[in-house]
Amino acid sequence: MASTADIAVIGGSGFYDLEGLRDARPLEVDTPFGATSSPILVGELHGKRVAFIARHGEGHRILPAEVPSRANLWALKHLGVRRVLAVSAVGSLQQQYHPLDAVVPDQLLDRTRGRAATYFGDGVVAHIGFADPFCDETREALAAASEAAGVTTHRGGTLVVIEGPAFSTRAESRLYQSWGAAVIGMTALPEAKLAREAELCYASICYVTDYDVWHDQEEDVGVELVVENMRRNIQHARDTVSRTIAALPIEGACACGDALNGAVITAPDAVPPATRQRLAFMLDRYWGVQ
Ligand SMILES: [Zn+2]
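Along every chain, residues carry numbers that run from 1 in the direction the sequence is written. Reporting in this predicted model follows two pLDDT cut-offs: at least 70 for local features of residues, and 80 or more for side-chain atom pairs to be given and counted; totals over whole chains, interfaces and linings ignore these cut-offs and use all residues. Values shown for side chains rest on all heavy atoms present in the structure; no hydrogens or waters enter the calculation.

Caption draft 1: Region of the structure containing the coordination of the zinc ion. Coordination of the zinc ion by the protein comes from C135 (SG), C201 (SG), C254 (SG) and C256 (SG), over a distance range of 2.2 to 2.3 Å. Donor atoms are limited to N, O and S found within 2.8 Å of the metal ion, a distance that becomes 3.2 Å for Na, K and Ca. With water left out, some sites might look partial. In these descriptions, tetrahedral denotes four donors with every angle between 85 and 135 degrees, square planar four donors and octahedral six donors with opposite donors over 155 degrees apart and the rest between 65 and 115, and irregular any other case. Of note is the zinc ion, whose 4 donor atoms meet at the metal with angles of 96 to 115° in an arrangement that counts as tetrahedral. Positions of the donor residues of the zinc ion along the chain correspond to the pattern C-x65-C-x52-C-x1-C. By relative accessible area, C254 is classed as partly exposed at 25%. Each residue's exposure class comes from its accessible area (1.4 Å probe, protein chains only) as a fraction of the maximum for that residue type: buried when under 20%, exposed when over 50%, partly exposed otherwise. By relative accessible area, which is 7% here, C256 ends up buried.

What follows is the structure, encoded as structure tokens:
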């Protein structure tokens, strides 16, 4: 089947559509994991087929813990997507990550609770490697594009993902800071984990809106300033995503596309038929279609 889309963008807070997407049409994709966050907008940008999902839905209706990540990534995989660019707003945990900076993290710390974080289970056991949770090629492309867009860009750093929707306590924030983490957000997990299971290249670019509450600021940061920072961050994100799509080859030379090779422990004939059918989009290439 020819791909409907090659590269996908998952937009975070404030990033609800993709400028310049030509001949864009919204697709409703039925998935075994329910509805996607939003209809998936598919069109053409810089000669590539691009899909766009608004992570929090149209009108920003979906809490971080409610984002249907399994459906979103299943749908993207189903459309033929190979690479996913994820955009998020984050708080800074260290002085050197200033508001309006971009961070392309290379590590994650999972502080979420009880989110559906795997496609496996229901009779099939698999363990993917997740030591390096992001695709290095895609990270590099995002970082280079961000620099070209004139944004102060940090290559690497640990992103703490908390459950939310409340922000951290001051004690939590100081703890994460003492762990050396760079920035804090609510949505990169389980997204990154599911992308790895689905053998997609996945990288995240995070835009700092403000310092998290560890910071003893001389004066409280007003909502107005945070909103203004978010507005400018979204402009940077749009520019960076567009440049990344122009520059990034669809085929990776990385190992993301073979993440399930050797990962599944369960014998194929021991997997219940319903589970097998549900995971066919990932596993048929290993098990063959029967
Ligand atoms: Zn990759």
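Caption draft 2: Broad picture of the nonpolar core. Joining through side-chain atoms within 4.5 Å is the link that ties buried Ala, Val, Leu, Ile, Met, Phe, Trp, Tyr and Cys residues into a set, and such a set is a nonpolar core. Ranked by internal contacts, the top residues of the largest apolar core, which has 50 residues, are I40, L73, L76, V84 and Y119. In this analysis, two residues are considered to be in contact whenever any of their non-hydrogen atoms come within 4.5 Å of each other. For L76, the residues in contact, after removing those within four places along its chain, are A8, I10, I40, A51, I53, V81 and V84.

Caption draft 3: Up close: the packing of helix 2 (residues 136-148) against helix 5 (residues 223-247). Throughout, an axis means a line fitted to C-alpha atoms (over the contacting stretch in the case of helices), and angles, computed between N-to-C directions, take values from 0 to 180 degrees. Helix and strand labels come from DSSP, where a helix needs a run of H or I of at least four residues and a strand needs a run of E of at least two; each type is numbered from the N terminus. Two elements in contact, helix 2 and helix 5, have axes whose closest approach is 8 Å; the angle formed by their N-to-C orientations is 125°. Comparing the axis directions of helix 2 and helix 5 gives the class oblique. Crossing hand, helix 2 versus helix 5: right-handed. Every residue of helix 5 that contacts helix 2 at A141, L142, A145, S146 and A148 is listed here: T240, R243 and T244. Class assignment for the residues of the contact of helix 2 with helix 5 results in 4 nonpolar, 3 polar and 1 charged. For classification purposes, angles smaller than 35 degrees are called roughly parallel, those larger than 145 roughly antiparallel, those between 65 and 115 roughly perpendicular, and all remaining angles oblique. Helix crossings fall into two classes, left-handed where the near helix is turned counterclockwise from the far one by less than a right angle and right-handed where it is turned clockwise. In this classification, the charged set is Asp, Glu, Lys and Arg, the nonpolar set is Ala, Val, Leu, Ile, Met, Phe, Trp, Tyr, Cys and Pro, and all remaining amino acids, among them Gly, are polar.

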